[in-house]
Amino acid sequence: MTIEVPTGTIAFRTAADRLSSITDVSASLNKRPRPFEDFIRLTLFLCGLVSVLTTVGLVVVLSTEAINFFTRYGFRSSEQLLVAPVDAESTIIQLDGTGTQPRVGQVIRVNEEHMRVVRIISAGRPTVLEVERGVLNTRPEPHGANATMFLGEQVSVIEFLTGTRWVPQGADFGVLALVMATLITSTVAMLVAGPIGLGAAIFISEYASARLRAILKPILEILAAIPTVVYGYFALTLITPALRSIFWQSEVGAYNQLSAGLAMGIMIIPTIASVSEDALSAVPRSLREGSYGLGATRRETVFRVLIPAALSGILAAFILGISRAVGETMIVAIASGAGPNFALNPLEAAETMTGHIARISTGDLSFNSVDYNSLFAIGLTLFIITLVLNLISNLIRRRFREVYQ
Amino acid sequence: MSDQSSLKPRRAVLDPLQAKRGLPFWALTLILLGFAALIVAAWLLAPWVAEDDTAAPIGVQLINGYGMRDFAPLWLIPFGAFLLVYAALPRALYPYLQLLSVPFRLLPALFGIGSLNVVRIAPFPPALKERLRVPFPPVLRILYFIALFLSIPLRLRSARYIPPPISARAARNAALIMLLSLLYFWLYHGQILPSLLDALAALGTGFWVVFAVCLGALNIWRITSEEAQPMEIPDLPVADSQASGAERKTLMRPESALARTLRSRRVAASLWQAAFFVANIVGLIALLVLLLNIINQSFGYVLVNYTIKPSELSPDKPLSELSEAELARLLEDKVSRNRLRTIVRDNLLGRQFSQIRLSGAQVINIFPELAFDAARPDQTFSRALGDKRFSALNARELLTVFSLGFGIPRERLENETLGQVFKGRIVAPALAEKKLSELTIQEAAELLAANAPRPQVTVDFLLGEPIKKLFEGRAFRPEVAEKRYDQLEMREYIRLLEDNLDAAQLYRIILRDVAGLRYDRTWTLLESLTNYEGILAQIQADEKLRDGELRFHSWLSLEFITTELTASPATTGLRTSLIGSLWVIILTILIALPLGIGAAIYLEEYAEKNLLNAVIETNIRNLAGVPSIIYGMLGLAIFVRALEQFTSGAFIGITDSNGRTVISAAFTMALLILPVVIINAQEAIRAVPSSIREASYGVGATKWQTIWRQVLPAAFPGILTGLILSVSRAIGETAPLLVVGGLTFTLIDPNGPFSKFSVVPIQIYSWTADPAVGFRNVAAAASIVLLAVLLALNATAIILRQRLRKNLGM
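Definitions and cut-offs
- Residues numbered from 1 in each chain as written.
- Chains lettered and ligands numbered in written order.
- Predicted model: local features only at pLDDT ≥ 70, side-chain atom pairs only at ≥ 80, totals over all residues.
- Heavy atoms only, no water.
- Helix = DSSP H or I, 4+ residues; strand = E, 2+ residues; numbered from the N terminus.
- Buried < 20%, exposed > 50% of the residue type's maximum accessible area, 1.4 Å probe, protein only.
- Contact = heavy atoms within 4.5 Å.
- Areas by Shrake-Rupley, 256 points an atom, 1.4 Å probe, with all protein chains shown as cover.
- Pairing = 2+ DSSP bridges.
- Axes fitted to C-alpha atoms, helices over the stretch in contact; angles between N-to-C directions.
- Core = buried A, V, L, I, M, F, W, Y, C linked by side-chain atoms within 4.5 Å.
- Patch = residues over 30% accessible without salt bridge, like charges linked within 9 Å, V, L, I, M, F, W, Y side chains within 5 Å.
- Salt bridge = Lys/Arg side-chain N within 4 Å of Asp/Glu carboxyl O.
- Buried area = accessible area lost by both parts, 1.4 Å probe.
- Polar contact = N/O pair within 3.5 Å; in protein donor to acceptor, adjacent residues only side chain to side chain.
- Left-handed = near helix turned anticlockwise from the far one by under 90°.
- Phe/Tyr/Trp six-rings, centres within 6.5 Å; stacked < 30°, edge-to-face > 60°.
- Parallel < 35°, antiparallel > 145°, perpendicular 65-115°, else oblique.
- pLDDT = per-residue confidence, 0-100.

Topic: the overall build of chain B
For step 1, the next point in the chain: When its secondary structure is counted, chain B shows 38 helices and three strands.
For step 2, the next point in the chain: Buried residues in chain B amount to 46% of all 810 residues.
For step 3, the next point in the chain: Contacts spanning at least 24 positions in sequence make up 71% of the contacts within chain B whose residues lie at least 6 apart.
For step 4, the next point in the chain: When the accessible area of chain B is evaluated, it comes to approximately 39,300 Å², of which 62% is carbon and sulfur surface.

Details of the overall build of chain A
For step 1, the next point in the chain: In terms of helices and strands, chain A carries 13 helices and eight strands.
For step 2, the next point in the chain: Going through the 405 residues of chain A one by one, you find that 47% of them count as buried.
For step 3, the next point in the chain: In chain A, the share of contacts with a sequence separation of at least 24, taken over all contacts with a separation of at least 6, comes to 67%.
For step 4, the next point in the chain: Of the roughly 19,500 Å² of accessible surface on chain A, 62% is carried by carbon and sulfur atoms.

Side note on the sheet that holds strand β2 (residues 92-95) of chain A
Residues and elements named next belong to chain A.
For step 1, the next point in the chain: If you walk across this open sheet you meet the six strands as β1-β6-β3-β4-β5-β2, and the pairing is antiparallel. The open sheet has two edge strands, β1 (74-81) and β2, and neither has a second partner. For this sheet, the mean angle separating the axes of adjacent strands, direction not counted, is 45°.

Some words on the sheet that holds strand β2 (residues 518-522) of chain B
Residues and elements named next belong to chain B.
For step 1, the next point in the chain: With antiparallel pairing, three strands are arranged side by side in an open sheet as β2-β1-β3. Of all strands in the sheet, those with a lone pairing partner are β2 and β3 (549-554), marking the two edges. On average, each strand axis in the sheet is inclined to that of its neighbour by 45°, with strand direction left out of account.
For step 2, the next point in the chain: Sheet topology places strand β1 (residues 299-305) next to β2; three bridges connect them, and they run antiparallel.

What to know about the nonpolar core
For step 1, the next point in the chain: Counting 210 residues, the largest nonpolar core has Phe376(A), Leu331(B), Leu497(B) and Trp767(B) as the members making the most contacts within it.
For step 2, the next point in the chain: If sequence neighbours within four positions are ignored, Trp767(B) has contacts with Phe560(B), Leu565(B), Thr572(B), Gly573(B), Leu574(B), Phe775(B), Val778(B), Ala779(B) and Ala782(B).
For step 3, the next point in the chain: In terms of nonpolar packing, the next biggest core, distinct from the first, is built from 28 residues, Val363(B), Phe381(B), Val401(B) and Leu431(B) among them.

Things to note about a nonpolar patch on the surface
All names here are of chain B.
For step 1, the next point in the chain: A surface patch of nonpolar side chains, amounting to about 400 Å² of accessible area, comprises Leu643, Phe646, Phe651 and Ile652.
For step 2, the next point in the chain: Along the chain, the position of Leu643 falls in the loop between α31 (628-642) and α32 (644-647).
For step 3, the next point in the chain: The partly exposed category is assigned to Leu643, whose relative accessible area is 31%.

Details of the interface of chain A and chain B
For step 1, the next point in the chain: Chain A puts 90 residues into the contact, and the matching count from chain B is 83 residues.
For step 2, the next point in the chain: Buried area between chain A and chain B, summed over both chains or domains, comes out near 8,200 Å², and the portion from carbon and sulfur atoms is 70%.
For step 3, the next point in the chain: If you sort the residues of chain A by the area they bury against chain B, Arg41(A), Leu44(A) and Tyr233(A) come out on top, with a joint share of 8%.
For step 4, the next point in the chain: Where chain A packs against chain B, one counts three salt bridges.
For step 5, the next point in the chain: Across the pair Arg265(B) and Glu300(A) runs a salt bridge whose closest N-O atoms are separated by 2.7 Å.
For step 6, the next point in the chain: For the interface between chain A and chain B, the tally reads 10 residue pairs in polar contact (both at pLDDT 80 or more).
For step 7, the next point in the chain: With 19 residues, helix α2 (residues 35-71) of chain A is the single largest residue contributor to the side of chain A that touches chain B.

Some remarks on the packing of helix α6 (residues 228-246) of chain A against helix α38 (residues 775-807) of chain B
For step 1, the next point in the chain: α38(B) packs onto α6(A) with a crossing angle of 145° between their chain directions and a minimal axis gap of 11 Å. For the pair α6(A) and α38(B), the sense of crossing is left-handed. For the pair formed by α6(A) and α38(B), the contact residues are Val230(A), Tyr233(A), Leu236(A) and Thr237(A) on the first element and Arg776(B), Ala779(B), Ala780(B), Ser783(B) and Leu787(B) on the second.

Quick word on the pattern of salt bridges
Residues and elements named next belong to chain B.
For step 1, the next point in the chain: According to the stated counting rule, one finds 20 salt bridges over all chains in the structure shown.
For step 2, the next point in the chain: Residue Glu549 is joined to Arg551 by a salt bridge in which the shortest nitrogen-to-oxygen separation is 3.6 Å.
For step 3, the next point in the chain: With relative accessibility at 41%, the residue Glu549 sits in the partly exposed group.
For step 4, the next point in the chain: Judged by relative accessible area, Arg551 falls into the partly exposed class, the value being 32%.

Focus: the packing of aromatic side chains
All names here are of chain A.
For step 1, the next point in the chain: Applying the stated criterion to the full structure yields 25 aromatic pairs over all chains.
For step 2, the next point in the chain: Plain terms: the ring middles of Phe69 and Phe160 are 5.8 Å apart, the flat faces sit at 70° to each other, and that makes the pair edge-to-face. Taken together, the residues Phe69 in helix α2 and Phe160 in helix α3 (residues 157-162) connect sequence positions 91 residues apart.
For step 3, the next point in the chain: Given the relative accessible area of 2%, Phe160 is considered buried.

A closer look at the packing of α2(A) against helix α29 (residues 575-606) of chain B
For step 1, the next point in the chain: Where α2(A) contacts α29(B), the axes come no closer than 7 Å and their chain directions differ by 110°. Comparing their axes, α29(B) and α2(A) come out roughly perpendicular. The way α2(A) lies across α29(B) gives a crossing that is left-handed. Mapping the contact onto sequence places Glu37(A), Ile40(A), Arg41(A), Leu44(A), Phe45(A), Cys47(A), Gly48(A) and Val50(A) in α2(A) and Pro594(B), Leu595(B), Gly598(B), Ala599(B), Ile601(B), Tyr602(B) and Tyr606(B) in α29(B).

Re the pairing of strand β6 (residues 148-153) of chain A
All names here are of chain A.
For step 1, the next point in the chain: Bridge analysis of β1 against β6 gives six bridges, and the strand direction is antiparallel. Counterpart to Gln80 in the pairing with β6 is Met149.
For step 2, the next point in the chain: As paired elements, strand β3 (residues 107-110) and β6 share three bridges and run antiparallel to each other. Looking at β6, one finds that Arg109 is bridged to Phe150.

Considering the environment of Arg551(B)
Residues and elements named next belong to chain B.
For step 1, the next point in the chain: With respect to the helices, strands and loops of the structure, Arg551 is situated in strand β3.
For step 2, the next point in the chain: Sequence separation between Arg551 and Val302 is 249 residues; the distance between their C-alpha atoms is 5.5 Å.
For step 3, the next point in the chain: In contact with Arg551, other than residues within four places in its own chain, are Gly300, Tyr301, Val302, Val304 and Tyr306.

Examining the side chain of Glu300(A)
For step 1, the next point in the chain: Its place among the elements puts Glu300(A) in helix α9 (residues 298-309).
For step 2, the next point in the chain: In this structure, Glu300(A) is in contact with Val305(A) and Arg265(B), ignoring residues within four places of it in sequence.

What about the side chain of Gln763(B)?
All names here are of chain B.
For step 1, the next point in the chain: In this structure, Gln763 sits in helix α37 (residues 760-768).
For step 2, the next point in the chain: Overall, Gln763 belongs to the buried group, its relative accessible area being 1%.
For step 3, the next point in the chain: Setting aside residues no more than four positions away along its own chain, Gln763 makes contact with Leu565, Ser577, Thr744 and Ser758.

Brief notes about the environment of Val157(A)
For step 1, the next point in the chain: Among the secondary structure elements, Val157(A) is positioned in helix α3.
For step 2, the next point in the chain: Residues Val157(A) and Phe69(A), 88 residues apart in the sequence, show an inter-C-alpha distance of 9.9 Å.

Some words on the confidence of the model for chain B
Residue and element names in this part refer to chain B.
For step 1, the next point in the chain: Residues with a pLDDT of 70 or more make up 64% of chain B, whose mean pLDDT is 71.
For step 2, the next point in the chain: The low-confidence segment residues 131-138 (pLDDT under 50) makes 12 contacts with residues lying over four places distant or belonging to another chain.
For step 3, the next point in the chain: Listed scores for the predicted complex are pTM 0.68 and ipTM 0.85.

Details of the environment of Gly300(B)
Residues and elements named next belong to chain B.
For step 1, the next point in the chain: Considering the arrangement of structural elements, one finds Gly300 in strand β1.
For step 2, the next point in the chain: Taking the C-alpha atoms as reference points, Gly300 and Ser554, separated by 254 residues in sequence, lie 6.6 Å from one another.
For step 3, the next point in the chain: The contact partners of Gly300, leaving out residues within four places of it in the chain, are Trp523, Thr524, Ser528, Arg551, Phe552 and His553.

Here is the structure:
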């Protein structure tokens, strides 16, 4: 606010004048726009958005490549030859009738052209087909006699999800072969890590003195910090020979799921132990003291009061352990074998989903091959499994959490 | 965490059972020391004892017969450990020892049956002996002896905690039977009345077995049943400290039903407590075994052998002392030109430069499946054609190659244009109207490479490249710049080596490629320390091994860390993958740290409680649980494939790499650790007290000024801790880097963000999977290096966290 002194007039300076010239509040008191703050806010929001973009990218990438996998055609020779040459326009072709017969609606390939079978005019020798020429972005072209016809097959989702053989060369794409191995190794791992992790957590939170706790907790943290390659090395160089010497050597293969499962179990003990221990410590003292006041022993308190109270956290810990076991790659890649094998016997070698992905990626991988696409189909399956497990774990944690005041 | 000190028993006050304690500690120590002396004696005598020991003294035969010789040194370990444990054991753990001793009673009985020695010398008919011959492996025999030794003092000392009549008797009887067996072995080998004593010993052993089993079962039943005698009740809080001794004893009459149930509950409680304790011990034991195994494999004897001994290569001076010029002369004198070419190729160019690429491919190498087959002479290449280099083909031969290789009839190739013949394949538009006979060899090479049957076929593959292109970025003399690799003379190869390598590297090359250093067999540390004679025997037994030299080798050494990667475990090193790891980690931190902190600041400071931000938060938590290999696939699809222009460096002019570079790996790892970094940073920022923020706003700072100058510095130790933990996880990650393109073998150190790379865990993986001699050992040495780095990082994080807790007064 300025006080205008008209020029030319005699202006004698009052105290107010002097004050106002010192404190010249010429700035408006409105909120100033601060573009830098807005810019910062936008930048930080974009940083936060990166995680959303990651998830979106994951889903998009996995889905599109998996869709490519399910829609691509793999061609197998039908051992049938064209009986007569065919020009570019006619829709009738004749085959010699030996070998595999095409079905109506199946895509076939002769030389470089893809055709679709519309009608089987006559089966037997010769087989006469009416076809639609030049499907799937190929152009109709003339073919000479004795050209081999190839049958096109797609991998159906049902076949993928329920088949038990994974042999890409034989066009067998059954993911159950890989899923079964994952299941067996994860089960062995949980059988090892579940009781031990829970027991360790109970001991650390209930029975251990402060000094003992200070020793045991770092040991668990060290176990958790060891890289999984080293666990794989441990499984291959110590556990497998030990198993082979305890059981007969003919029973236990040089690669087997049991040793991989045992090493995985040791690896996820710290996960289960630390999350369970957090859950057990979160139970308030009043519950414990009430239980002791009624004369229960410590063990009875643990089993009848604490575990039910911390059940949500403990279940969440178990599911977290399972999802870690399912997603583990290096231990199974090293110790569990290199061939997909639908084997229920844990002493046999079998390849898990993750091990298969790792093995295929280390070879020469060209970007449009069926191997590349099948990787992503398997990856999508794995992603869905772990996502479901994580969601269940979050749900359990939220639903069964007992709220204390 | 509940404070349990108020619930601990005050033992000094409540100790109603002053039962006999069994043997005093000094007596036990004497007994144990006696056994220790026995073991030491066995170890010292061990080298003298052979299979047929009837001539040896009785004592030695005794030891031998019991199988002690094989495992004598190993006994010292559990023995010493047990002594230490026993001395350091707090009395609080005695009840658990009592309970642990119960299975120990059963174990010796079980192993007594299966032990080879018992079956071998018992007087059973031979057919029955064969059936009973259970080949228990060394592991179990070791466990047997450990159990044997641990159970003796436990049995003798635990008299207090088991109803005295049974336990004392049990201890006495068990000791008697064991002495009887020992006596039997002594006498048997002394051949005094063997058959009678055989029978006695068999009976005695059998009796021992049955007795021990029954005793163990009986004890378990007794201590968990209701008729147990009064025992110490450890957990009962003191009712009234003023009561006198006599009154205290009658507070609870021992025979009442309440007391009985109470006792059994107490015992069950102790059992479970022991079980929980054992659960912890399992983790500790697993960790110890893992570390010991790695150490075991990293040191030991190796059998060194050379194709040409260094003393033959350089008779006057030792090989390691020659200067660079002398080494170069050595190479010139002793090595053939072809060999020299291979050496230069492997050491300067990297193994991915195959011979074919360097000098123009032979036809047979482009289409190996069309090698001459006498059964189908017109469908395969003739021998002469197969041996010709592609760059030297004439028009007719080119026609043959294309026709056979691509399965196209010759007439079509002769008469039709390339656009028609190669329909459905890749043809450059400029060539589509030409016929095959009109192409130059360069154009034919490009056409062939574009439609190659296998990914390795490139134009350079077919035609060879000049030195200036192969050695771009390295030193070469101007006079060889235009020559092709296979056209150089020996002197020029040597000059290439001299210009690019120093004396130490030349020495290593000569050692490896000329002298052919290799390790024929390796042994673990345990074998090396304890079984020297066995090692010598193994060497003598195999004639291929006899002329090697036995040397104690430490696989983990400074040389191992600073040597580059080679294909042979004798000379390989970790430097290439260490540098690769370093590059990847540094770039990962540079990418993940700002993004993570930024996201955390946004979520904590700026985000309102709307749906989008809730989605972001849940999303981050879900991402933290995604398996790491899925991130690898994401990186493969996006960074390696879709963004290949950027990640291969093409946008700044690098033309000879693909998307599988360090920068792709760094982005992938950054995405991997981002959720954890964000969660940790969020917690750190949340932990900053709001008083600081409010004071800052109070003096007129803007939001960002507050964050940048007050909140972040206060939260920084916490953020750093989270970052260090994430980084330590990232260093150990293998699977995503495998998928993104980490190599398992590369000769060139990664030297920039756009170079190919390998990292230490991938190296460990590829070495572990290789069955050749020596690779297990280098994998173990590399694991030690990796674990040391991780340990240092984790220790830093833990110390930081402790200091942080202290500063914030927690």
